[in-house]
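Architecture and fold: a report
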Amino acid sequence: LDSCYSKGFISYKPMEIIIGWLYPKLMSTYGDRGNVITIQRRAQWRGYNVIVLPLDQESTAEDIKSVDVIVGGGAQDRQQEIVMRDLQGAKAEAVRDKIEHGTPGVFTCGSPQLLGNYYEPAFGQRIEGLGILDLVSVHPGENTKRCIGNLVIEVTASRLAQELEAMAGTKPYLVGFENHGGRTTLGKVEALGRVVYGLGNNGEDGTEGAFYQNAIATYSHGPLLPKNPIVADWLIQTALKLKYQQEIKLSPLEDTLAMQGREAILKRLKVNLPS
Ligand code: GLN
């Protein structure tokens, strides 16, 4: 296709978005692959070219540097440990550099635990994290209850909340599903939101997730993006804006089914959100 563009057979080259998918072989336990598919399809439906680049153990720091948006899913403790043994040196620096320079991303459950300072699993040694997000996560032991169930949050991270509200025209509430043993405590990092229903970071302080630069960290599986398409659009818009250095306005999509799904969940949970 590239040679067709360069030879002038095709005059219009659509914008392209490269989705970097962190460790799909090791970190796909909780269905977060749906986040990758949602970004991919919503970008393609608007005519953008999309490449999904798996960032597994075989990948290099150069691969990581090439991506425009990063998706990291949940994993079990054992797999998290393997990932952290691999995510060292130049690869770790590439992830850090991307996030620090505003590459947007959505990191769910096990992934934010690894982007934080450390994760202490129920068994075994503390797993040192990348320290990009100032947070720590501790599993209180196998005899404690896991945090499992539906999760509804109000986005409170100020810039993100403003940008989502500007795109959707309504206050941003996210619907998801949490399933984690680890409890997260935030340091000097903004929470993604406040818990309206469910447990969130630790079941105690009412915070959920974290937001840093353009990285969204959350305990919400679901997966998150099909239930909250506005967040997928924010990721696409932010990625394209950064890559092409111009304002991007995405064309609207038909989201009635997704909205009906959200309404059904909220109704079942008896959560009334202000309109
Ligand atoms: N292993 C981590 C925990 O139980 C992450 C789980 C997940 O990614 N859903 O806290």
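A few points on the structure. (Residues numbered from 1 in each chain as written. Predicted model: local features only at pLDDT ≥ 70, side-chain atom pairs only at ≥ 80, totals over all residues. Heavy atoms only, no water.)

**What about the environment of E247?**
Relative to the assigned elements, E247 resides in the loop between α9 (229–244) and α10 (256–269). At a separation of 3.5 Å, a polar atom in the side chain of E247 contacts the side chain of K241. (Helix = DSSP H or I, 4+ residues; strand = E, 2+ residues; numbered from the N terminus. Polar contact = N/O pair within 3.5 Å; in protein donor to acceptor, adjacent residues only side chain to side chain.)

**Points about the pairing of strand β9 (residues 173–180)**
Of all eight residues making up β9, seven are buried, and the element is well covered by its neighbours. Pairing geometry for strand β8 (residues 147–155) and β9, over eight bridges, is antiparallel. Note that in β9 the partner of G149 across the bridge is E178. (Buried < 20%, exposed > 50% of the residue type's maximum accessible area, 1.4 Å probe, protein only. Pairing = 2+ DSSP bridges.)

**Considering the packing of aromatic side chains**
What the rule picks out here adds up to one aromatic pair. The positively charged end of R126 is found above the aromatic ring belonging to Y118, 3.5 Å away from the centroid. (Phe/Tyr/Trp six-rings, centres within 6.5 Å; stacked < 30°, edge-to-face > 60°. Lys NZ or Arg CZ within 6 Å of the ring centre and 35° of its normal.)

**Topic: the sheet that holds strand β6 (residues 127–128)**
Strands sit in the order β6-β5-β7-β10 across an open sheet of four strands; the sheet is mixed. Each edge of the sheet is formed by a strand with only one pairing partner; in this case those strands are β6 and β10 (183–186). Note: strand β5 (residues 118–120) against β6, two bridges, orientation antiparallel. Looking at β6, one finds that Y119 is bridged to I127.

**Notes on the site of the ligand**
Residues in contact with the ligand amount to 15 residues; listed here are only the nearest, D77, C109, N179, G181 and G182. G110 has a polar backbone atom sitting 3.0 Å from an oxygen atom of the ligand. Between the ligand and G182, the relevant distance is 2.7 Å, taken from an oxygen atom to a main-chain nitrogen or oxygen of the residue. Burial of the ligand by the protein amounts to 99% of the accessible area it has alone, namely 300 Å². (Near = heavy atom within 4 Å. Areas by Shrake-Rupley, 256 points an atom, 1.4 Å probe, with all protein chains shown as cover.)

**Details of the nonpolar core**
Core analysis: the largest hydrophobic core is formed by 37 residues, its most contacted members being I17, I39, L160, I216, L225 and L235. Elements supplying a minimum of two residues to this core: β1 (16–22), α2 (33–44), β3 (69–72), β8, α7 (158–168), α8 (224–227) and α9. With residues near it in sequence (within four places) discarded, I39 still touches I19, V69, V71, L225, L235 and I236. A75, M84, L87 and V95 belong to the second largest nonpolar core, which has 33 residues in total. (Core = buried A, V, L, I, M, F, W, Y, C linked by side-chain atoms within 4.5 Å. Contact = heavy atoms within 4.5 Å.)

**Focus: the environment of G105**
In this structure, G105 sits in strand β4 (residues 105–108). Under the relative-accessibility criterion, G105 is labelled buried at 1%. Once the C-alpha coordinates of G105 and W21 are considered, the two residues, 84 residues apart in sequence, prove to be 9.8 Å apart. Among residues more than four places away in sequence, those in contact with G105 are I70, N214, A215, I216 and L235.

**Remarks on the packing of α2 against α9**
Between α2 and α9, whose axes approach to 9 Å, the crossing angle comes to 70 degrees. Put simply, α2 runs roughly perpendicular to α9. Pair α2 / α9 crosses with right-handed handedness. Within the contact between the two elements, α2 uses T38, I39, R42 and A43 and α9 uses P229, A232, D233, L235 and I236. Here the residues of the contact of α2 with α9 are counted per class, giving six nonpolar, one polar and two charged. (Axes fitted to C-alpha atoms, helices over the stretch in contact; angles between N-to-C directions. Parallel < 35°, antiparallel > 145°, perpendicular 65-115°, else oblique. Left-handed = near helix turned anticlockwise from the far one by under 90°. Nonpolar A, V, L, I, M, F, W, Y, C, P; charged D, E, K, R; others polar.)

**Here's the deal with the pattern of salt bridges**
A full pass over the atoms with the stated rule returns 14 salt bridges. We note a salt bridge from K25 to E58, for which the minimum N-O separation is 3.4 Å. Of this pair, K25 sits in the loop between β1 and α2 while E58 sits in the loop between β2 (49–55) and α3 (61–65), and the two are 33 residues apart along the sequence. Among the residues examined, E58 registers a relative accessible area of 57% and is labelled exposed. Note that R126 and E120 form a salt bridge whose closest N and O atoms lie 2.8 Å from each other. Taken together, the shared-partner salt bridges connect R42, R46, D233 and D255 into one network. (Salt bridge = Lys/Arg side-chain N within 4 Å of Asp/Glu carboxyl O.)

**As for the side chain of E178**
Relative to the elements of secondary structure, E178 occurs in strand β9. Despite its burial, E178 pairs with no opposite charge; the closest candidate is R183, at 8.7 Å N-O. Excluding residues within four positions of it along the chain, E178 makes contact with C147, I148, G149, N150, L151, G198, L199, G200 and Y219. (Lys, Arg positive; Asp, Glu negative; His and termini not counted.)

**Examining unusual backbone geometry**
In this chain, G222 is followed by P223 through a cis amide linkage whose omega measures -15 degrees. As for its position among the elements, P223 is in the loop between β14 (215–218) and α8. For C109, which is not glycine, the phi dihedral falls at a positive 60 degrees. Examined against the element boundaries, C109 turns out to sit in the loop between β4 and α6 (110–115).

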